[in-house]
Amino acid sequence: MTEGGIRLEGICHAYEGVSVVTDLTLEVAPGELVCLLGPSGCGKTTTLRIAAGLEPLQIGRVIVGGAEVARPGRELPPEGRGIGMVFQDFALFPHLNVLENVCFGIEGRDKAARRALALDLLRRLRLEDRAETYPHTLSGGEQQRVALARALAPKPAVMLMDEPFSGLDVRLRDAVREDMLSLLGDEGAATLMVTHDPDEAMRMADRIAVMRGGRIIQEGTPDDLYRRPADRFIAEFFSELNVLHADVEPGGQIFTPAGCLETQEIACGTPVEVLARPEAVRLGENGANGHPARVVQARSLGPYGIVELAVEGQQCQLRCRVPRRALPAVGDTVGLALDPEQTFVFPREDD
Amino acid sequence: MTARMRFGWLDVVVIGCVVALLAYVAYRVHGHLVYHWNWAEPLQFFFRRDEADGGWVPNLLIEGVIITLRVSLWGAVLGMAIGLLAGLGRISQVALFRMISRGYVELVRNVAPVPFLFIMFFFVGNQILKPLGLEGVQDAVSPATGGVLELMFGELNLLRNFAAATLALALYEGAYIAEIVRAGVLSIERGQWEAGDSLGLSRLHQLRHVILPQAVQRITPPLANQSIQLIKDSSLVSLLSIQEMTFMGQEIAHSTSRFFETWIIVAAMYFVVCFGLSRIYARLERRINKSRR
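Because the structure is predicted, anything quoted here is derived from the model rather than measured.

What follows deals with the sheet that holds strand S14 (residues 259-262) of chain A. Remark on secondary structure: sheet strands pair via backbone hydrogen bonds, oriented parallel or antiparallel. Residues and elements named next belong to chain A. Spatially, five strands are ordered S14-S13-S12-S15-S21 in an open sheet, and the strand pairing comes out antiparallel. In the strand order of this sheet, the two ends are held by S14 and strand S21 (343-347), each with one partner. Averaged over all pairs of adjacent strands, the angle between their axes in this sheet comes to 30°, without regard to strand direction. Pairing of strand S12 (residues 242-249) with strand S15 (residues 271-276), which is carried by six bridges, proceeds in the antiparallel orientation. Each bridged residue has a counterpart across the sheet, and for Ala246 the counterpart in S15 is Val272.

Now the structure itself:
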């Protein structure tokens, strides 16, 4: 394994007999940002808390900077692990001002040096003029940045962040995210971030580990996950999907109302579901190619438009995403084709 | 309609009833009780003429107030210290501390104060303070130091009694303060502990720098309340021969036989002290709140 960074190895965890994390192994290298992504209750926060030492380890190992900090029954307390943590609710100390909050975890050195270090962090987060104010006078975004500065001040090798943006409104998120990413990049800490927001994970992570039911079900770069999801759950996580039912015909051919595809992996005769992202449905000229479909609804959402389509002679409706300029009129007939790059075929599990 | 409350007919009726009741009581007292009020006699116990030079000096009632304040002050200081320790003990991670604190709090809460005070008074006085040799203090210190000590603790030849009674009272109040402290610490969100954890602080450090400062702010109102309670409870130490307000009241009532007047005066004095204190606390609280948010 690499020196530095953090490694979780074979972590299992149960609350009162109910398993919440099962055999989880995950590694974050120095300077890397990994997102643990999953719906609420999937065990991602528990995993983070185990890494931090806020939750006692039951099974597995936690290794920070090449040294084992926890195995069952033998754990370093959180304060001995060299980790920094940013909490969902920030957990700033309300009785201390911003500068004191940031200075808090810096060890040793004289007071002036601590102050200088804290002020430097605040300046890099554009908060230096807030140093003497109290947390409750700050906006959410400012509080969030103070929380980050406070966690980074002791120079931890590992940063753990629990839904750091969930308390902020959308516009603020983008700004804070940029600040955060650049500072984290400078510091070179290994960062593990928990989120339930796929969009956020896509924007921030070098790698994403998708969790469900206490297990990591796929791990990879954001692009990997988007283009090659391991199953329907993951595909659905990143965008809405058109779901089409079909069977594999001889030669691996799959015929759908929106066009035909090929598969090599799935045996002939297997019932499958074809999942097409809205942008995978291509609209051609009126009847030019592909299957004819009628435009039921077309709505511009600014940079792009959403089109609802009814396929001729079929029950199903499709939703597709097109550039705003290419938005057809309601009632038009268009030709459909599927982009195989963004269409996924999985064997049907239910029914 | 203005936003301001106005008197309606119901208010007039209620106030009328109260006035009528008071008038009836006054009438009964005046006409049937045939009690001849004599306020002059007990009132002279506020100040008296000094026999030597004829100037005014404090008499029993004023001396009583001073001793009440002394007992209350030291009782509050000691009680807070005991309460803080016991309150933190209640939530300690060490089972032994939890057991001791729990035992102490439950003992005080479930025993009537008078027997508790007697037991503590005799136990503390004889077993703990006697070996300390407080009797000798008077002779051991210089007159100047003696004067300061006297101002702080009252007559030095009674020091052991005073200390034992104050400590007994402090032990009684400490249990209630412990519960307030415990509630205050528990009211701080778990995230604050965890934030301290993740910043590399030991538990003691977190308690000292993160948790207690916030807890103290939250429990200031109940603590202020408890300190007023303590002044009233200090009347119990009259049973331990501490010559505070209630003790003096008893003396005066018996020697003058003006029970009504004396006790009304003593009650009024408690009211003035406690109400005055509560006004001061309310002021302080407003100031703190204003500066905080």
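By a widespread convention, an interface's size corresponds to the accessible area lost as its parts come together. Across the boundary between the two partners, chain A contributes 21 residues, which contact 18 residues of chain B. Here chain A and chain B share an interface that buries about 1,700 Å² over both sides, 60% of which is from carbon and sulfur atoms. For chain A, the biggest contributors to the area lost against chain B are A:Glu79, A:His95 and A:Phe104; these three give 34% of the whole. For the pair chain A and chain B, the number of links is one salt bridge. One salt bridge in this structure joins B:Glu194 and A:Arg49, with 2.5 Å as the shortest N-O distance. Connecting chain A to chain B are five residue pairs in polar contact (both at pLDDT 80 or more). Secondary-structure elements contributing two or more residues to the side of chain A that touches chain B are strand S7 (83-86) and helix H4 (140-152) of chain A. Per element, the largest residue contribution to the side of chain A that touches chain B is three residues, and it comes from S7(A).

Residue and element names in this part refer to chain A. With mixed pairing, the six strands of this open sheet are ordered in space as S7-S8-S9-S3-S10-S11. Looking along the sheet, the strands with just one partner apiece sit at the ends: S7 and strand S11 (215-220). For this sheet, the mean angle separating the axes of adjacent strands, direction not counted, is 20°. Pairing between S7 and strand S8 (residues 158-162): four bridges, direction parallel. Across the sheet, Val86 pairs through a bridge with Met161, a residue of S8. The strands touched by helix H1 (residues 44-52) are strand S3 (33-37), S7, S8, strand S9 (190-195) and strand S10 (207-212); relative to S8, the strand with the most contacts, the crossing angle is about 145°. Helix-sheet contacts for helix H5 (residues 170-187) involve S3, S8 and S9, and the interaxial angle to S8 is about 160°.

Bringing the environment of A:Gly302 into the picture now. Residue and element names in this part refer to chain A. Mapped onto the fold, Gly302 is located in the loop between strand S17 (291-300) and strand S18 (304-311). On the basis of relative accessible area, Gly302 is assigned to the partly exposed category, the value being 34%. Each C-alpha atom of the pair Gly302 and Leu127 lies 34 Å from the other, and the pair is 175 residues apart in sequence.

Residue and element names in this part refer to chain B. Counting buried positions along helix H9 (residues 190-198) yields eight of nine residues, so the element is predominantly enclosed. Turning to H9, its buried residues are Gly191, Gln192, Trp193, Glu194, Ala195, Gly196, Asp197 and Ser198. In the stretch just after H9, Gly200 is the one whose phi turns positive, near 85°.

So, on to the packing of aromatic side chains. Residues and elements named next belong to chain B. As enumerated under the stated definition, the model contains 11 aromatic pairs over all chains in all. Judged by centre distance (6.2 Å) and plane angle (45°), the ring pair of Phe116 and Tyr172 falls under tilted. Taken together, the positions of Phe116 in helix H5 (residues 113-132) and Tyr172 in helix H8 (residues 159-186) put the pair 56 residues apart, joining distant regions of the chain. Take Phe116: its relative accessible area is 4%, and that puts it in the buried class. Here the aromatic rings of Phe271 and Phe275 are separated by 5.3 Å at their centres, their planes lie at 10°, and the arrangement is stacked. Taken together, the residues Phe271 and Phe275, both in helix H12 (residues 259-292) and four residues apart, mark about one turn of the helix. Take Phe271: its relative accessible area is 53%, and that puts it in the exposed class. The class for Phe275 is partly exposed, based on a relative accessible area of 43%.

On to the side chain of A:Lys44, then. Residues and elements named next belong to chain A. The topology assignment puts Lys44 in helix H1. The exposure class assigned to Lys44 is buried, which follows from its relative accessible area of 4%. At a separation of 3.4 Å, a polar atom in the side chain of Lys44 contacts the main-chain carbonyl oxygen of Pro39. Not counting residues within four places of it along the chain, the set of residues in contact with Lys44 comprises Leu36, Leu37, Gly38, Pro39, Glu163, Val194, Thr195, His196 and Met211.

Bringing the domain arrangement of chain B into the picture now. Per the domain assignment, the segments of chain B are domain 1 (9-38) and domain 2 (64-247). Computed from C-alpha coordinates alone, the two centres of domain 1 of chain B and domain 2 of chain B are separated by 43 Å.

Let us look at unusual backbone geometry. Residue and element names in this part refer to chain A. Positive phi, close to 45°, is recorded for Glu16, a residue that is not glycine. Of note, Glu16 is situated in the loop between strand S1 (6-15) and strand S2 (18-28). The exposure class assigned to Glu16 is exposed, which follows from its relative accessible area of 83%.

On to the nonpolar core. Within soluble globular proteins, side chains that are nonpolar tend to cluster in buried spots. Formed by 53 residues in total, the largest nonpolar core has its most connected members in A:Ile6, A:Leu8, A:Ile11, A:Val62, A:Leu160, A:Leu192 and B:Val185. Residue contributions to this core peak at seven residues, all from helix H10 (residues 203-233) of chain B. Here A:Leu8 is in contact with A:Leu24, A:Thr25, A:Leu26, A:Thr47, A:Ala51, A:Arg61, A:Val62 and A:Leu192, once residues within four sequence places are set aside. Ranked by size, the runner-up nonpolar core spans 47 residues in total, among them A:Leu92, A:Leu117, A:Val176 and A:Tyr226.

All names here are of chain B. A surface patch of like charges, here positive, comprises Arg279, Arg283, Arg286, Arg287 and Lys290. With respect to the helices and strands, Arg287 occurs in helix H12. Take Arg287: its relative accessible area is 62%, and that puts it in the exposed class.

Thresholds applied
Residues numbered from 1 in each chain as written. Chains lettered and ligands numbered in written order. Predicted model: local features only at pLDDT ≥ 70, side-chain atom pairs only at ≥ 80, totals over all residues. Heavy atoms only, no water. Pairing = 2+ DSSP bridges. Helix = DSSP H or I, 4+ residues; strand = E, 2+ residues; numbered from the N terminus. Axes fitted to C-alpha atoms, helices over the stretch in contact; angles between N-to-C directions. Contact = heavy atoms within 4.5 Å. Buried area = accessible area lost by both parts, 1.4 Å probe. Salt bridge = Lys/Arg side-chain N within 4 Å of Asp/Glu carboxyl O. Polar contact = N/O pair within 3.5 Å; in protein donor to acceptor, adjacent residues only side chain to side chain. Buried < 20%, exposed > 50% of the residue type's maximum accessible area, 1.4 Å probe, protein only. Phe/Tyr/Trp six-rings, centres within 6.5 Å; stacked < 30°, edge-to-face > 60°. Domains from an automatic or database assignment. Core = buried A, V, L, I, M, F, W, Y, C linked by side-chain atoms within 4.5 Å. Patch = residues over 30% accessible without salt bridge, like charges linked within 9 Å, V, L, I, M, F, W, Y side chains within 5 Å. Areas by Shrake-Rupley, 256 points an atom, 1.4 Å probe, with all protein chains shown as cover. Lys, Arg positive; Asp, Glu negative; His and termini not counted. Charge placed at Lys NZ, Arg CZ, Asp CG, Glu CD.

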